[in-house]
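# Examination of the molecular architecture
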Amino acid sequence: MAETTRVTAKVTALDPEQHKAALQFEDGTTRIVAVRPDVDLSKQKIGDSVVIRITEALAIQVAKP
């Protein structure tokens, strides 16, 4: 089972060396997230709005004891 959610956030800090960004979400919370290697952080700046996809997956295995 997997669920994907789209979220809009504002960039509050960038760390191109570590390939991470601090994002402030609509509810006011801030989180530091890892950015995919194929995303060019030099094109982003503080204050930009970004749309991100969050995918959560769950796997369950049922076996006889």
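See the structure shown above.
As the structure is a computational prediction, the values presented were derived from the model and not from experiment. (Residues numbered from 1 in each chain as written. Predicted model: local features only at pLDDT ≥ 70, side-chain atom pairs only at ≥ 80, totals over all residues. Heavy atoms only, no water.)

### Here's the deal with the overall build of the chain
Along the backbone of the chain there are 0 helices and 4 strands. Its C-alpha radius of gyration of 16 Å places the chain more than 25% over the 11 Å reference for a compact globule of 65 residues. The dimensions of the chain, computed from C-alpha atoms along their principal axes, are 55 × 25 × 15 Å. By the burial criterion, 15% of the 65 residues in the chain qualify as buried. When contacts within the chain are restricted to residue pairs at least 6 apart in sequence, long-range pairs at least 24 apart make up 49% of them. The chain carries 9 positive and 9 negative side-chain charges, and their two centres are separated by 5 Å. (Helix = DSSP H or I, 4+ residues; strand = E, 2+ residues; numbered from the N terminus. Rg over C-alpha atoms; globule rule 2.2 N^0.38 Å. Buried < 20%, exposed > 50% of the residue type's maximum accessible area, 1.4 Å probe, protein only. Contact = heavy atoms within 4.5 Å. Lys, Arg positive; Asp, Glu negative; His and termini not counted. Charge placed at Lys NZ, Arg CZ, Asp CG, Glu CD.)

### What about the pairing of strand S1 (residues 2–15)?
For S1 and strand S4 (residues 49–57), the ladder comprises 9 bridges, and the chain directions are antiparallel. Pairing of Ala2 across the sheet is with Ala57, part of S4. Sheet analysis places S1 next to strand S2 (residues 20–25), joined by 6 bridges and oriented antiparallel. Bridging across to S2, Asp15 finds its partner in Lys20. Hairpin connection, S1 to S2: the antiparallel pair is bridged by 4 residues, and His19 has positive phi, about 55°. (Pairing = 2+ DSSP bridges.)

### Brief notes about the pattern of salt bridges
Overall, the coordinates contain 2 salt bridges when judged by the stated rule. Where Asp38 meets Arg36, a salt bridge forms, and the shortest distance between an N and an O atom there is 2.9 Å. As a salt-bridge pair, Lys45 and Asp48 come within 3.7 Å of each other at their nearest N and O atoms. For Lys45, a relative accessible area of 56% translates into the label exposed. (Salt bridge = Lys/Arg side-chain N within 4 Å of Asp/Glu carboxyl O.)

### Comments concerning a nonpolar patch on the surface
A grouping of Met1, Leu58, Ile60 and Val62 is seen on the molecular surface, where their side chains present a nonpolar patch of about 550 Å² in accessible area. By the element assignment, Ile60 lies in the segment after S4. (Patch = residues over 30% accessible without salt bridge, like charges linked within 9 Å, V, L, I, M, F, W, Y side chains within 5 Å. Areas by Shrake-Rupley, 256 points an atom, 1.4 Å probe, with all protein chains shown as cover.)

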